[in-house]
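Structural features, examined
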Amino acid sequence: MSTIDASRLLRPGLLDGVRVLLAGPAQDGGAGLGDAVETACAALGAQVSRCAPIAGVSHEQREAAIDHALTAALREMPGFDMLVVDAAALFARERADRDDRSKTSAEAALDGCLEAVWTVTRSVFNLAFLPAQRGGRILFLAPARGAGEHSEPALAGLENLSRTLSIEWARHGVTAVTIAPGPATTAAEVAALAAYLASPAGAYFSGCLLDLRGV
């Protein structure tokens with residue numbers, strides 16, 4: 001299947017004035033999807049702030065930590081236009097924090113990843129998008145096929161969430177999209193597509209899965 005090089009659609013200054021919140025842990029060496037998105041968006045003029053949802057804690061602790069981190073980020077950057085959740089990195093972190101490879105442990109990693117995604121998404125909606133009354137964009141970066149047991153259910157959960165939010169939050173001007181990388185998809189390709197979605201043209205996408213996995 002042929003692919004489209006989204007970087008050809010990008011130009012210097014395309015994201016001037018766009019404020020992006022990137023949620024997800026940084027990867028070793030800056031080689032993760034979120035790291036690539038941060039670099040690509042900043043290079044096109046966007047202001048990028050990071051928030052790292054913590055793993056291995058209770059729901060209440062995670063929720064309080066995310067609210068605290070987001071409140072601090074909003075003091076430095078008054079409002080966000082786009083939330084990018086690096087669910088691939090969150091999924092990898094949750095798996096790494098489990099001591100064994102049992103079925104129970106794998107399922108717990110899946111649950112932890114999706115819970116972290118939902119918690120940060122809801123927090124951004126309540127603390128940033130809703131008060132500003134300007135709408136906003138949400139982008140989920142899913143784990144690639146073969147990223148570990150339950151990577152496919154993780155993708156399904158993210159796709160379902162983006163479709164649901166595109167309906168539930170449409171009246172607030174909020175859009176939601178999921179990108180599904182393939183095993184051969186590079187971080188740069190995902191980053192270029194994310195930057196395109198942050199541009200004015202990205203307003204036309206909501207409730208969809210951008211599937212880069214091929215046939």
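So, a few notes on the structure that sits alongside this text. (Residues numbered from 1 in each chain as written. Predicted model: local features only at pLDDT ≥ 70, side-chain atom pairs only at ≥ 80, totals over all residues. Heavy atoms only, no water.)

Focus on the environment of Glu-60
The topology assignment puts Glu-60 in helix H2 (residues 59-76). Along the backbone, Glu-60 and Thr-119 are 59 residues apart, and their C-alpha atoms lie at a distance of 9.9 Å. (Helix = DSSP H or I, 4+ residues; strand = E, 2+ residues; numbered from the N terminus.)

Remarks on the side chain of Thr-121
When you line up the elements, Thr-121 lands in helix H4 (residues 103-132). With sequence-adjacent residues up to four places away left out, Thr-121 is seen in contact with Leu-83, Val-85, Ile-138, Phe-140, Leu-165 and Trp-169. (Contact = heavy atoms within 4.5 Å.)

Here's the deal with empty space enclosed by the protein
For the structure shown, the criterion picks out 1 cavity of 30 Å³ or more. If you add up the space inside the largest cavity, you get close to 60 Å³. Around the largest cavity, the lining residues are Met-82, Arg-137, Ile-138, Leu-139, Thr-175, Val-177, Leu-197, Gly-202 and Phe-205. Listed by contribution, the elements that provide at least two residues to the lining of the largest cavity are strand E4 (136-141) and strand E5 (174-180). If you tally residues by element for the lining of the largest cavity, the top one is E4, at 3 residues. Within the lining of the largest cavity, the residues separate by chemical class into 6 nonpolar, 2 polar and 1 charged. (1 Å grid on protein atoms, 1.4 Å probe; cavity = no way out; pocket = protein on both sides within 12 Å on 5 of 7 lines; lining within 4 Å. Points joined across faces, edges and corners; volume = space filled by probe spheres on them. Nonpolar A, V, L, I, M, F, W, Y, C, P; charged D, E, K, R; others polar.)

Things to note about the sheet that holds strand E3 (residues 82-85)
Read from one edge of the open sheet, 6 strands run E2-E1-E3-E4-E5-E6, paired in parallel fashion. In the strand order of this sheet, the two ends are held by strand E2 (47-51) and strand E6 (208-211), each with one partner. Averaged over all pairs of adjacent strands, the angle between their axes in this sheet comes to 20 degrees, without regard to strand direction. Of the pairings in the sheet, the one linking strand E1 (residues 19-23) to E2 comprises 5 bridges and is parallel in character. Counterpart to Arg-19 in the pairing with E2 is Gln-47. Against the sheet, helix H5 (residues 151-168) makes contact with E4, E5 and E6, and its axis sits at roughly 160 degrees relative to E5, the strand it touches most. (Pairing = 2+ DSSP bridges. Axes fitted to C-alpha atoms, helices over the stretch in contact; angles between N-to-C directions.)

A short note on the nonpolar core
In this structure, Phe-80, Leu-83, Val-117, Val-124, Phe-129, Ile-138 and Phe-140 are the most contacted members of the largest nonpolar core, which totals 35 residues. Counting only elements with at least two residues in this core, the list comes to E1, H2, E3, helix H3 (87-96), H4, E4, H5 and E5. With 9 residues, the top contributor of residues to this core is H4. When neighbours within four sequence positions are excluded, Ile-138 is seen to be in contact with Leu-83, Thr-121, Phe-129, Leu-165, Trp-169, Val-174, Thr-175, Ala-176 and Val-177. (Core = buried A, V, L, I, M, F, W, Y, C linked by side-chain atoms within 4.5 Å. Buried < 20%, exposed > 50% of the residue type's maximum accessible area, 1.4 Å probe, protein only.)

Description of the packing of aromatic side chains
Taken as a whole and assessed by the stated rule, the structure comprises 3 aromatic pairs. Through a chain of ring-to-ring contacts, the aromatic side chains of Trp-118, Phe-125 and Trp-169 assemble into a single cluster. (Phe/Tyr/Trp six-rings, centres within 6.5 Å; stacked < 30°, edge-to-face > 60°.)

Overview of the environment of Gly-173
The topology assignment puts Gly-173 in the loop between H5 and E5. Of the residues examined, Gly-173 reaches a relative accessible area of 44% and is grouped as partly exposed. The spacing of Gly-173 and Arg-137 is 36 residues in sequence and 8.4 Å in space, taken between C-alpha atoms. In this structure Gly-173 touches Gly-135 and Gly-136, once residues within four positions along its chain are discounted.

Read these as layout, nothing more, since geometry by itself doesn't imply function.
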